[in-house]
Amino acid sequence: MNKIRMGVIGLGNMGSGHTDSLFNGRVEGMALGAVCDINPEKLEWFRGKFGAGLSAEKDIPAFDEAEKMMDSGAVDAVLIATPHYFHPPLAIAAFKRGLHVMSEKPAGVYLKQVREMNAAAKAAEEQFGVKFGMMFQTRTQSHYGRMRDIVQNGGMGPIRRTSWLITDWYRSQCYYDSGGWRATWSGEGGGVLLNQCPHNLDLWQWICGLPVRVQAFTHEGKWHNIEVEDDVTAYVEYPNGATGTFITSTADTPGANRFEVTMDGGSVVYEGGQLRLNKMEMYESEFTKINTRPFGSMKCERTVVDCAGFGDHSEHNGVLRAFAAEINGTGKMIAPGYEGINGLTLSNAMHLSSWLGRMVEIPFDDDLFLAELNKKIAASKGKGAVKEVITNTAGSYGS
């Protein structure tokens, strides 16, 4: 296997962690090729910890512009770990140069820019054979892989209801005060839905599929002094008539993580690190036709599910190892980058529903969402990615 030279763009919390793993050889099939950050202090930190003089084979170049790094010849792929708005334009710039792309979540802030990114990825795949991945490391957790298998292949019948209470994302005010861009419409483009929950939204749709209608209440600055949402309750409807709820917050403590999918033949529940299966003796749709007792009910077999073989809990490094294997033709990536649009569709739909005060159909009008987002950006006091309203292209922003 050829070692893929990865260039890390952005040396914040996530980027610095990826840099450390790549530099120290914790990602099989991949090596750190270069880093990039527009903040001189971040580059000084990198040079002090990983810079020249440590070893000849690990004399890693550092750049202050992403395009310089992409054009340097030092990298075969890039890992984008910047504020959310920049994920699509940086990915597009890399695709145009024939570089493979792994992007941190979320795929972007609004669907229009992500559609352009996906189109650029497709063109680059056809022209250069590049690969495109998304950092959805929670897909490596075996309980979610097993849950997906039960829902989609376990003979439990169609979904009737989904319910995810995911409130163990607690953040205090000092977290939000740690950066002027954080928790602002111009800096991050959203709150708990776009920062903490992209993994949950990805898993929700990965396991259960996308709904067709969403009604949501996204409460902005309810528990913290922030512009964006920190408390969300959403209701969804699926193509077959099934319904679902999604509740999240960054203010609940200790919080909870309970994910349940009810099907015709029973239910599967993840909670407390354990996956439980409740299997009925027959489908409810059959039982209700033959039962003659007014208060009759079926027997239920309750078991704790063995999840071995449905994930290795390798998290970020596992995603990168699989990405290297995909590039080298020796394996498959964990999450194709194209799939990043699905979870973002859910968060965009929730935002739009709350902003408009009504149920939103999926698909919805991308231009309408962007117009409403621009209203938020225009009133934002945040610093960073966007200082004025966004134009209609993935890579063009206000000055």
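Small disclaimer: the values here were computed from a predicted structure and weren't measured.

J.: How do you make sense of the sheet that holds strand S6 (residues 132-134) when you look at a structure like this?
T.: Strands belonging to one sheet form pairs held by backbone hydrogen bonds; the direction of such a pair is parallel or antiparallel. Spatial ordering of the open sheet is given by S3-S2-S1-S4-S5-S6, a layout of 6 strands whose pairing is parallel. Edge strands, defined here as strands with exactly one partner in the open sheet, are strand S3 (62-63) and S6. Pairing analysis gives 2 bridges linking strand S2 (residues 30-36) to S3, with the strands arranged parallel. Bridge pairing in S3 links valine 35 to alanine 62.

J.: Where do I start with the sheet that holds strand S8 (residues 213-220) in this structure?
T.: One open sheet accounts for 9 strands, arranged S14-S13-S12-S11-S7-S10-S9-S8-S15; its pairing is mixed. Every other strand in the sheet has two partners, leaving strand S14 (300-304) and strand S15 (360-361) as the edge strands with one partner each. Two elements, strand S9 (residues 229-237) and strand S10 (residues 243-249), share 7 bridges in a ladder whose sense is antiparallel. In the strand pairing of S10, tyrosine 235 is matched with threonine 245. Against the sheet, helix H11 (residues 340-356) touches S8, S9, S10 and S15, its axis set at about 75 degrees to S8.

J.: Explain the packing of helix H5 (residues 111-128) against H11 here, please?
T.: For any two helices packed against each other, the geometry comes down to the angle between their axes and how far apart the axes lie. Following both chains from N to C, one finds H5 and H11 inclined at 170 degrees, their axes separated by 10 Å at the closest point. The pairing of H5 with H11 is recorded here as roughly antiparallel in orientation. Contact residues: Leu111, Val114, Arg115 and Asn118 in H5; Ile341, Leu344, Thr345 and Asn348 in H11. Tallied by class, residues from the contact of H5 with H11 come to 4 nonpolar, 3 polar and 1 charged.

J.: Would you mind showing me how to read the packing of aromatic side chains here?
T.: Enumeration according to the criterion identifies 13 aromatic pairs in this entry. For the pair phenylalanine 95 and phenylalanine 132, a centre-to-centre distance of 5.2 Å together with 85 degrees between the ring planes defines the contact as edge-to-face. A residue pair is termed long-range when its members are at least 10 positions apart, and phenylalanine 95 in helix H4 (residues 87-96) and phenylalanine 132 in strand S6 qualify at 37 residues. Judged by its relative accessible area of 4%, phenylalanine 132 is buried. Considering the side-chain rings of phenylalanine 132 and tyrosine 338, the 5.6 Å spacing of their centres and the 85 degrees angle between planes classify their relative orientation as edge-to-face. In this pair, phenylalanine 132 is assigned in strand S6 and tyrosine 338 in the loop between helix H10 (315-328) and H11, connecting sequence segments 206 residues apart. An aromatic cluster is defined as three or more aromatic residues linked by ring pairs; in this entry it consists of Tyr144, Trp164, Trp204, Phe246, Phe259 and Tyr270. Over the aromatic face of tyrosine 175 sits the side chain of arginine 171, whose NZ or CZ is 5.1 Å from the ring centroid. When the ring centre of tyrosine 175 is taken as reference, the NZ or CZ atom of arginine 182 above it lies at 4.4 Å.

Cut-off values and rules
- Residues numbered from 1 in each chain as written.
- Predicted model: local features only at pLDDT ≥ 70, side-chain atom pairs only at ≥ 80, totals over all residues.
- Heavy atoms only, no water.
- Pairing = 2+ DSSP bridges.
- Helix = DSSP H or I, 4+ residues; strand = E, 2+ residues; numbered from the N terminus.
- Contact = heavy atoms within 4.5 Å.
- Axes fitted to C-alpha atoms, helices over the stretch in contact; angles between N-to-C directions.
- Parallel < 35°, antiparallel > 145°, perpendicular 65-115°, else oblique.
- Nonpolar A, V, L, I, M, F, W, Y, C, P; charged D, E, K, R; others polar.
- Phe/Tyr/Trp six-rings, centres within 6.5 Å; stacked < 30°, edge-to-face > 60°.
- Buried < 20%, exposed > 50% of the residue type's maximum accessible area, 1.4 Å probe, protein only.
- Lys NZ or Arg CZ within 6 Å of the ring centre and 35° of its normal.

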